[in-house]
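# Geometric and topological summary
If you want the building blocks of each chain, they are given just below.
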Amino acid sequence: MRILAVAVTLAASLTSVGPLGELTDLAVQRVQVADLVAAAKFGTPQPIDDPAREQQVLDTVRAKATALGLNPENAAQFFRAQIEANKLVQRGLYARWTEHPEEVPQHRPDLGTEVRPILDRLTTDILAELKDTEQLRRPTLKCEIHATIAERSAVVLHHLDRLHENALAEAMRPVCSK
């Protein structure tokens, strides 16, 4: 009965549990956008790894973090994990689609006009949430507990498959390493 009550509470709230819930939900959204990135790149010469684009994202994050009063290197560390999580999903989807070509998405989104604006919005939202949770996100047991609860509730709430669950774990890895 207690598990049912928790499930109902989660479903009603539509956000992951705890003070890191909103940050975790934003990380979930970014992990899910990796599906669009993979669909845009699959079957093209465009590689999964794009060091120049990654550096551009991290430079933008550092500048925005500084403007928000966040430590720019800590923000970049968090976003490096977001990028690695995104690539984890892309590699997993590439493997799946290569093995099951019938599952390849029919629509190839445009990275510049369709996908990057979503990622840019998420970057802004994640930075704001990093600022809002700055005092909690320290290497403490309290932070680790909140992070674990938020992450596990996000997996259930967002119905993440194993690939996206693993990517979320990668994305959230540095959350308490301020």
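Below is a short write-up of the structure. (Residues numbered from 1 in each chain as written. Predicted model: local features only at pLDDT ≥ 70, side-chain atom pairs only at ≥ 80, totals over all residues. Heavy atoms only, no water.)

### A word on the state of the cysteines
Tallying each qualifying case throughout the model produces one disulfide. A disulfide bridge connects Cys-143 with Cys-176, and the sulfur atoms are separated by 2.0 Å. Across the S-S bond linking Cys-143 and Cys-176, the dihedral sits near -85°, which makes this disulfide left-handed. Here Cys-176 lies in the segment after helix H7 (162-172) and Cys-143 lies in helix H6 (residues 141-157), a separation of 33 residues in the sequence. Judged by relative accessible area, which is 3%, Cys-176 ranks as buried. (Disulfide = S-S within 2.5 Å. Helix = DSSP H or I, 4+ residues; strand = E, 2+ residues; numbered from the N terminus. Buried < 20%, exposed > 50% of the residue type's maximum accessible area, 1.4 Å probe, protein only.)

### Regarding the packing of aromatic side chains
Under the defined criterion, the tally for this structure stands at three aromatic pairs. With a centroid separation of 5.3 Å and 80° between ring planes, the pair formed by Phe-42 and Trp-97 is classed as edge-to-face. Here Phe-42, found in the loop between helix H2 (21-41) and helix H3 (51-68), pairs with Trp-97, found in helix H4 (residues 72-99); they are 55 residues apart in sequence, far enough to count as distant. You can call Phe-42 buried: its relative accessible area is 17%. Judged by centre distance (6.2 Å) and plane angle (80°), the ring pair of Phe-78 and Phe-79 falls under edge-to-face. The same class applies to Phe-78 and to Phe-79, which are both buried. (Phe/Tyr/Trp six-rings, centres within 6.5 Å; stacked < 30°, edge-to-face > 60°.)

### Comments concerning H4
Each full turn of the α-helix corresponds to 3.6 residues, which orients residues three or four apart in the same direction. The end-to-end C-alpha distance of H4 is 41 Å, a good match for the 40 Å that 28 residues give at a rise of 1.5 Å each. Two to three positions downstream of the cap, the backbone nitrogen of Glu-73 sits 2.8 Å from a side-chain oxygen, assigning the N-cap of H4 to Asn-71. (Expected span 1.5 Å × (residues − 1). Polar contact = N/O pair within 3.5 Å; in protein donor to acceptor, adjacent residues only side chain to side chain.)

### A closer look at the pattern of salt bridges
A complete count under the given rule lists 14 salt bridges for this structure. The salt bridge involving Arg-62 is made with Glu-73; its shortest N-O contact spans 2.9 Å. Within this pair, whereas Arg-62 is found in helix H3, its partner Glu-73 is found in helix H4, the two being separated by 11 residues in sequence. Arg-62 sits in the partly exposed class, given a relative accessible area of 24%. Take Glu-73: its relative accessible area is 47%, and that puts it in the partly exposed class. Across the pair Arg-152 and Glu-165 runs a salt bridge whose closest N-O atoms are separated by 2.9 Å. Taken as a pair, Arg-152 in helix H6 and Glu-165 in helix H7 lie far apart in primary sequence, 13 residues in all. The class for Glu-165 is buried, based on a relative accessible area of 13%. One network of salt bridges, with partners in common, ties together Asp-49, Glu-54, Arg-80, Glu-84, Lys-87 and Arg-91. (Salt bridge = Lys/Arg side-chain N within 4 Å of Asp/Glu carboxyl O.)

Interpretation in functional terms is not warranted from these geometric data alone.
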